[in-house]
Amino acid sequence: MSDMLRAPAEVKYADELAYLESVDTGPKPFSWRLSPRMVRLFVLGSERADGLDREIPQKWFGDRSFVERSIVTLASDRGLLLIGDPGTGKSWLAELLSAAICRNSTLVVQGTAGTTEDHIKYSWNVSMVIARGQSRDSMIPSPIMTAMEQGVIGRFEELTRSTSDVQDALISILSEKYVSIPELDHDNIVFAKPGFSIIATANSRDRGVNDLSSALKRRFNFVRIPVVTNKRSEAEIVRFRTEELLRRHRIELDVPPTLLDILLQSFADLRAAATAASSDDEKLESALSTAEQIGVLEDAILHSQFFGDRTLRAQTLAGSLMGSLARRSPEDLAILNKYLHGVVEPRAKADDGGDWAGFLDGGRLAIASLS
């Protein structure tokens with residue numbers, strides 16, 4: 001794992017998965033490696049009542065009913081569509097579910113405007129076709145076809161980013177559970193083995209880009225993942241992901257609780273301002289998601305490590321926040337400047353030289369450099 005920039009969940013948590021499989025006595029659908037109960041436990045973490053002799057940490061933070069419904073869907077013959085705003089953890093949940101169910105979360109198709117039908121079915125090795133002709137050996141199966149052949153989970157990221165032709169091709173896979181290969185005379189159908197399913201994700205902000213057809217919607221069970229608004233839950237997510245990032249970068253640096261509170265409160269303030277805004281020009285272009293908070297904190301930590309005194313300070317955090325959220329000039333800069341003067345400045349005065357005062361100074365410097 002040390003030579004991977006980012007290990008997939010089944011590699012990163014291999015010991016946990018092996019342990020859970022060794023103590024799992026529950027019924028398992030199809031070829032699942034873990035029972036539904038153990039899949040839920042792997043994702044949401046263990047409790048004392050589970051009776052395990054080792055602790056399983058929580059990896060996804062959200063309503064347990066979303067996880068349970070997702071697991072039940074995958075135990076049926078329907079696809080699972082996780083839909084929500086950017087940064088709500090859809091892809092992370094899909095990866096964890098795939099890792100727990102089949103120990104392979106890497107059979108992924110990324111939906112873009114350039115995604116073609118070949119990406120979800122198959123293509124050909126041109127040199128082999130020229131040398132030997134078309135055959136199963138010269139065929140290159142897509143990640144989805146590989147998942148069908150192995151009876152495991154295939155993933156489709158950003159489904160609404162792909163064109164209607166690609167979405168239509170997915171309908172037959174989800175309904176018929178096979179793919180025809182008309183170029184071949186023999187062995188020209190790939191049937192899905194038991195256990196095959198698809199987890200797709202869709203960004204709710206992409207509505208209208210390539211809307212899903214009614215036929216495709218019927219093939220999926222929808223699980224809507226809401227934006228995390230509970231401050232305690234959001235703090236747990238940011239802390240969990242930040243600890244992972246620190247381990248990945250091999251950095252030993254403490255994140256003061258007061259600075260984490262400032263980060264969370266700043267995002268909450270800016271979300272409230274966006275909700276109250278009367279036009280898009282009065283809203284930041286950023287989605288202000290939990291994922292963006294993690295990015296701001298990572299940026300501040302790395303800056304402190306490489307260009308500071310290896311201590312995270314409020315000024316550095318403010319600079320990272322302003323730099324990450326100011327995407328439009330002058331609109332976003334004006335919104336952030338208004339926030340500094342209208343909200344942060346009164347807190348800094350009340351804080352009497354505390355972290356809010358340092359956050360104000362860092363924010364002003366960042367705005368000045370970006371203007």
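From a predicted model like this one, the values you see are computed outputs, not experimental measurements.

> Please explain the overall build of the protein chain as it appears in this structure.
Summing up its helical and strand segments, the protein chain has 15 helices and 9 strands in all. When each of the 371 residues of the protein chain is scored for burial, the buried share is 46%. Excluding contacts between residues fewer than 6 apart, the proportion of contacts in the protein chain whose partners are at least 24 apart in sequence is 71%. Surface accessibility of the protein chain: about 18300 Å² in total, with carbon and sulfur atoms responsible for 49%. Of the charged side chains in the protein chain, 44 are positive and 52 negative, and the gap between their average positions amounts to 3 Å.

> I would appreciate a short explanation of the side chain of Q293 in the present structure.
Structurally, Q293 is set in helix α12 (residues 290–307). Exposure remark for Q293: the relative accessible area of 0% places this residue in the buried category. When near neighbours in sequence (up to four residues on either side) are disregarded, Q293 contacts E234, V238, L263, L264, F267 and R271.

> Looking at this structure, how should I read unusual backbone geometry?
Most peptide bonds take the trans configuration, and most residues that are not glycine carry a negative phi. A positive phi is found at E158, a non-glycine position, where the angle reads about 55°. Locating E158 in the fold gives a position in the loop between β5 (153–157) and α8 (164–176). The class of E158 is partly exposed, set by a relative accessible area of 22%. Of note in this structure, R310 is not a glycine but carries a positive phi near 65°. Counting through the fold element by element, R310 comes out in the loop between α12 and α13 (314–325).

> Hey, could you run me through the packing of aromatic side chains in this one?
One pair of aromatic rings is described through two measures. These are the centre distance and the angle between the planes. The final tally for this structure, using the stated rule, is 5 aromatic pairs. On the numbers, 5.8 Å between centres and 80° between planes, the contact of Y13 with F42 is edge-to-face. With Y13 in the loop between α1 (9–12) and α2 (14–23) and F42 in helix α3 (residues 36–44), the pair connects residues that are 29 residues apart, well separated along the chain. The ring of Y19 is capped by R54, whose NZ or CZ atom sits 5.2 Å from the centre of that ring. Of note, R241 hangs over the ring of W92, and the distance from its end group to the ring centre comes to 4.7 Å.

> Would you mind going over a nonpolar patch on the surface with me for this structure?
Residues Y178, I189 and F191 make up a contiguous nonpolar surface patch of roughly 280 Å² in combined accessible area. Along the chain, Y178 turns up in strand β6 (residues 178–180). Its relative accessible area of 31% is what places Y178 among the partly exposed residues.

> Help me understand the packing of α2 against α3 in this model?
Think of two packed helices as two axes; the pair is described by the angle between the axes and how far apart they sit. Across the interface, α2 lies against α3 with an axial gap of 11 Å and an inter-helix angle of 150°. Judged by the inter-axis angle, α2 sits roughly antiparallel to α3. Of the two possible hands of crossing, α2 and α3 adopt the one that is right-handed. Along the contact surface, α2 presents E16, L17, L20 and V23, while α3 presents M38, L41 and F42.

> Please clarify how the pattern of salt bridges should be interpreted in this entry.
Pairing is possible between side chains of opposite charge, provided their charged atoms come close. Overall, the coordinates contain 18 salt bridges when judged by the stated rule. The salt bridge involving E68 is made with R64; its shortest N-O contact spans 3.5 Å. Of this pair, E68 and R64 both sit in helix α4 (residues 64–74), 4 residues apart, which is roughly one turn of that helix. When its relative accessible area of 30% is taken as the criterion, E68 is described as partly exposed.

> Just to check I follow, could you spell out the sheet that holds strand β8 (residues 197–203) for this structure?
Two orientations exist for strands paired in a sheet by backbone hydrogen bonds: parallel and antiparallel. With parallel pairing, the 5 strands of this open sheet are ordered in space as β2-β5-β8-β1-β9. Sheet topology places β2 (108–110) and β9 (220–225) at the edges, where each strand pairs with a single neighbour. The sheet shows a mean angle of 20° between the axes of neighbouring strands, taken without regard to direction. Examined bridge by bridge, strand β1 (residues 79–84) and β8 share 5 bridges and lie parallel to one another. For G84, the partnering residue across the bridge sits in β8 and is N203. Packed onto the sheet, helix α7 (residues 143–150) meets β2, β5 and β8 and runs at close to 160° relative to β5. Strands β1, β5, β8 and β9 of the sheet are contacted by α8, whose axis makes an angle of about 150° with β8.

Cut-offs used in this document
Residues numbered from 1 in each chain as written. Predicted model: local features only at pLDDT ≥ 70, side-chain atom pairs only at ≥ 80, totals over all residues. Heavy atoms only, no water. Helix = DSSP H or I, 4+ residues; strand = E, 2+ residues; numbered from the N terminus. Buried < 20%, exposed > 50% of the residue type's maximum accessible area, 1.4 Å probe, protein only. Contact = heavy atoms within 4.5 Å. Areas by Shrake-Rupley, 256 points an atom, 1.4 Å probe, with all protein chains shown as cover. Lys, Arg positive; Asp, Glu negative; His and termini not counted. Charge placed at Lys NZ, Arg CZ, Asp CG, Glu CD. Phe/Tyr/Trp six-rings, centres within 6.5 Å; stacked < 30°, edge-to-face > 60°. Lys NZ or Arg CZ within 6 Å of the ring centre and 35° of its normal. Patch = residues over 30% accessible without salt bridge, like charges linked within 9 Å, V, L, I, M, F, W, Y side chains within 5 Å. Salt bridge = Lys/Arg side-chain N within 4 Å of Asp/Glu carboxyl O. Axes fitted to C-alpha atoms, helices over the stretch in contact; angles between N-to-C directions. Parallel < 35°, antiparallel > 145°, perpendicular 65-115°, else oblique. Left-handed = near helix turned anticlockwise from the far one by under 90°. Pairing = 2+ DSSP bridges.

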